[in-house]
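Residues per chain, in single letters:
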Amino acid sequence: MRISHVAWNLGGLAVPLAVAALTVPPLLARIGPERFGLLALAWGLIGYASGLDLGLGRALTQRVAGLRGSGQDHGIPDVLATAGRITLIAGLCFGVLVLLAVPAGAPDWVHAAGTPRGEITAAVLLLALALPAQAMSATYRGLNEAYLNFRGISLLRAGLGVVNFAGPWLVSLLTPHLGWLVLPLVASRLLSLAVYRALAWRCVRRGGANAPGRYQHRTGRELFAFGRWVTVSSIVSPMLVQADRFTIGALVSAAAVSAYVLPYEVVVQSLVLAGAVSSVMFPGLSRLLREDPLGWRPYFLTWLGRVAVLMALVCSLLALLLPWLLREWIGPQLQPVSVEVGRILCLGVFANALGTLFYALLHARGRADITARLHLAELPVFLALLAALIGAFGLPGAAWAWTLRMLADASLLGYFALRGTQPQGAAA
C-alpha cells in the first residue's frame, strides 16, 4: 500500500471537515436548530443513496482489480458498461420511491412544527433527483479505486464536501428556506456524477482498452454473484448508520437531532484515517489474495495494528477535549447533553475504525455474504435497542445504542475476517 494513496484519500476526507468547522456554527445560528436538524436528515439521506448502487461499486472494484491482476484488461469496458446500466435503473427506481413518499405523507413523519410543510416537501422532491446520481457515482468511484486513482477521487470528494457545507451556508445568507438549502447538495451530486464517469473511462483508456463497452447479461450475473450480498449490506448498513438521527427525529424532535448530530459529526469524522486506509487496502488485498494467497495476513495485521494505536490515541484525546471543542465550535447554542453524547460515541468510533478494516478484508476475499448476514441480524436488534434506550435515557441512550452496535459489529467482523477460509465470490 502506497502512503501517497492514503494521503490523497485522507486529504479528500479532511478538507470538508475544515469547511464544516467554519460554516456549521453560523449556519446553525441563521436557520435555527429545527431547520438544521432537517438539513442533517437530508445529508443523511444523500449519504444513504451512495449505498443504493446494489453493491456494484464494491463488486466492480473487486472484479476489475482481479482482471488487472490477471492481465485481462480488455474485459473491463464491458464490466463498467454493465454495472453502469444496472445502477442507473436501480437509482431511478429508488428516486421514484422517494417521490411517491411525498403524497404518502413523508413531510409529516418528522416533528417539525416550526417549518412549513411546503419547505419539507420541496426538499424531499429535490432529494429524489440526487438519489440516482449518487448511486451511479458510487459505481464509477468503484472503478477509479480499482485503478488506484485516489488523487482524482480525493479531489472530487473534497469539492463535494466543500459544497455540502458551504453551499447551504451561502444560501442561508439569502434565505432559510429548506428547499433552497438542499438545492446545492443536489446540484453538486449531478455534477460529480459527470466527473466520476469521465475519470472512470479515462482510467479504462489509459489501461489500454479503447472500446466503449457493452452491456452483457453474463457479466451482470457475475457481478451480482458478489454484489447481491453487497446490495444487502448497502441497503441495510446505511439504515444502521442513519437510524439514530431519524429515530430521534420521529420520537423526540428535529431540534433534538441537532443536539445529537453536532457531537456525532465531530467524533465520527475522526474515522477519516480508517476510511482512507480501508479504501486503499481493498483493491490491494483483492489483488494480493490472488497473486500471493498466503501473504495477505502480515500485510493486513500490520495496518490493523497501526490504525488501532492511532485511533486509540485520537479517540482518547477527543473524549478529553470534547467540551472545549464543542464550546469553541458551536458557542452559546451548545446543549450540555451534546458533550455526554460525544464522549459515549468515542468508544463506538474506535470499534468502528477496526470494523472498517475487517469489512474490507472480508470483501476482498469475496465474503460479502458474511457482512450482509451480520447486518441483517443487527438491524432489528439495533432498532429495538435504539427505541428502548432513547425512551429511557434520551439522547445519551441513542449514543449508547450506536456504540454497543459498533462494538458487537467489530467483534463479529473480526472473528469471521481472520478465519482461514479461501476467497470466494465472482472473482475467486
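For the structure, check the block above.
Here's what I pulled together on the structure shown here. (Residues numbered from 1 in each chain as written. Predicted model: local features only at pLDDT ≥ 70, side-chain atom pairs only at ≥ 80, totals over all residues. Heavy atoms only, no water.)

1. Re the packing of aromatic side chains
Stated formally: Two rings from Phe, Tyr or Trp (for Trp, the six-membered ring) form a pair when their centres sit within 6.5 Å of each other. Planes less than 30 degrees apart are called stacked, planes more than 60 degrees apart edge-to-face, and all others tilted. The classification of residues rests on relative accessible area computed with a 1.4 Å probe and restricted to protein chains. Under 20% of the type maximum is buried, over 50% is exposed, and intermediate values are partly exposed. Secondary structure is summarised from DSSP: a helix means a run of H or I of at least four residues, a strand means a run of E of at least two, and numbering begins at the N terminus for each. The criterion for a charge sitting over a ring is simple: Lys NZ or Arg CZ within 6 Å of the ring centre, and within 35 degrees of the ring normal.
Scanning all chains against the criterion turns up 6 aromatic pairs. Ring centres of F36 and W43 lie 5.8 Å apart, and the angle between their planes is 80 degrees; this geometry places the pair in the edge-to-face category. Under the relative-accessibility criterion, F36 is labelled buried at 1%. Taking relative accessible area as the criterion, W43 reaches 14% and is therefore assigned buried. Relative to F165, the ring of W43 lies with its centre 5.2 Å away and its plane at 55 degrees, an arrangement referred to as tilted. One end of the pair, W43, is in helix α1 (residues 3-49); the other, F165, is in helix α5 (residues 150-172), with 122 residues separating them in the sequence. Here the aromatic cluster, defined as three or more aromatic residues joined through ring pairs, consists of F36, W43 and F165. Between the NZ or CZ atom of R306 and the centre of the ring of W303, over which it lies, the distance is 4.8 Å.

2. Side note on the side chain of N164
Stated precisely, the cut-off is as follows: Contacts: residue pairs with any heavy atoms within 4.5 Å of one another.
By the element assignment, N164 lies in helix α5. Classification of N164 by relative accessible area gives buried; the value is 12%. Other than its neighbours up to four places away in sequence, N164 contacts W43, L185 and R189.

3. Here's the deal with the packing of α5 against helix α6 (residues 178-206)
Each packed pair of helices is defined by two parameters, the angle between the axes and the distance between the axes. Filter applied, for reference: Axes, fitted as lines to C-alpha atoms, cover a helix only where it is in contact. Angles between the N-to-C directions of the axes lie from 0 to 180 degrees. Angles below 35 degrees are treated as roughly parallel, those above 145 as roughly antiparallel, those between 65 and 115 as roughly perpendicular, and all remaining angles as oblique. The sense of a crossing depends on the near helix, which, turned anticlockwise from the far helix by less than a right angle, makes the crossing left-handed and, turned clockwise, makes it right-handed. Residue polarity follows a fixed list, in which Ala, Val, Leu, Ile, Met, Phe, Trp, Tyr, Cys and Pro are nonpolar, Asp, Glu, Lys and Arg are charged, and the others, Gly among them, are polar.
Packing of α5 against α6 leaves a shortest axis separation of 8 Å and a crossing angle of 165 degrees. Put simply, α5 runs roughly antiparallel to α6. Note that α5 runs across α6; the crossing there is right-handed. Contacts between α5 and α6 involve G152, I153, L156, L160, V163, N164, G167, P168, V171 and S172 from the first element and W180, L181, P184, L185, S188, R189, S192, V195, Y196 and L199 from the second. Of the residues contributing to the contact of α5 with α6, the split by class is 13 nonpolar, 6 polar and 1 charged.

4. Quick look at the nonpolar core
Soluble globular proteins: nonpolar side chains tend toward being buried together. For the record, the criterion: Definition used in this section: a nonpolar core is a set of buried Ala, Val, Leu, Ile, Met, Phe, Trp, Tyr and Cys residues joined via side-chain atoms within 4.5 Å.
By size, the foremost hydrophobic cluster in this structure holds 102 residues, and its most contacted members are Y260, F300 and W402. Leaving out residues up to four positions away in the same chain, W402 has contacts with V241, D244, Y260, Y264, V268, L345, G348, V349, N352 and F382. If you look at the next biggest cluster of nonpolar residues, it comprises 25 residues, including L56, L80, I153 and C203.

5. Focus on a nonpolar patch on the surface
Going by this rule: Only residues whose relative accessible area exceeds 30% and that form no salt bridge are eligible for patches; like-charged ones are grouped when within 9 Å, while nonpolar side chains (Val, Leu, Ile, Met, Phe, Trp, Tyr) are grouped when within 5 Å. To be clear on the numbers: accessible area is Shrake-Rupley with a 1.4 Å probe, and residue cover counts the displayed protein chains and nothing else. What makes a salt bridge here is a side-chain nitrogen of Lys or Arg within 4 Å of a carboxyl oxygen of Asp or Glu, nothing more.
Taken together, the side chains of L347, L385, W400, L404 and L407 present a nonpolar region at the surface, about 400 Å² in accessible area. Top element by residues in the nonpolar patch is helix α13 (residues 395-417). It accounts for 3 residues. Structurally, the position occupied by W400 is in helix α13.

6. Notes on α5
Applied cut-off: One less than the residue count of a helix, multiplied by 1.5 Å, gives the span that helix is expected to have. Each residue is assigned a bend, namely the angle between axes fitted to the seven residues that terminate at it and the seven residues that start at it.
Helix length check: α5, at 23 residues, gives a terminal C-alpha distance of 33 Å against a target of 33 Å (1.5 Å per residue), a fit within 8%. A maximum bend of about 30 degrees is found in α5 at A166, where proline P168 lies one to four positions downstream.

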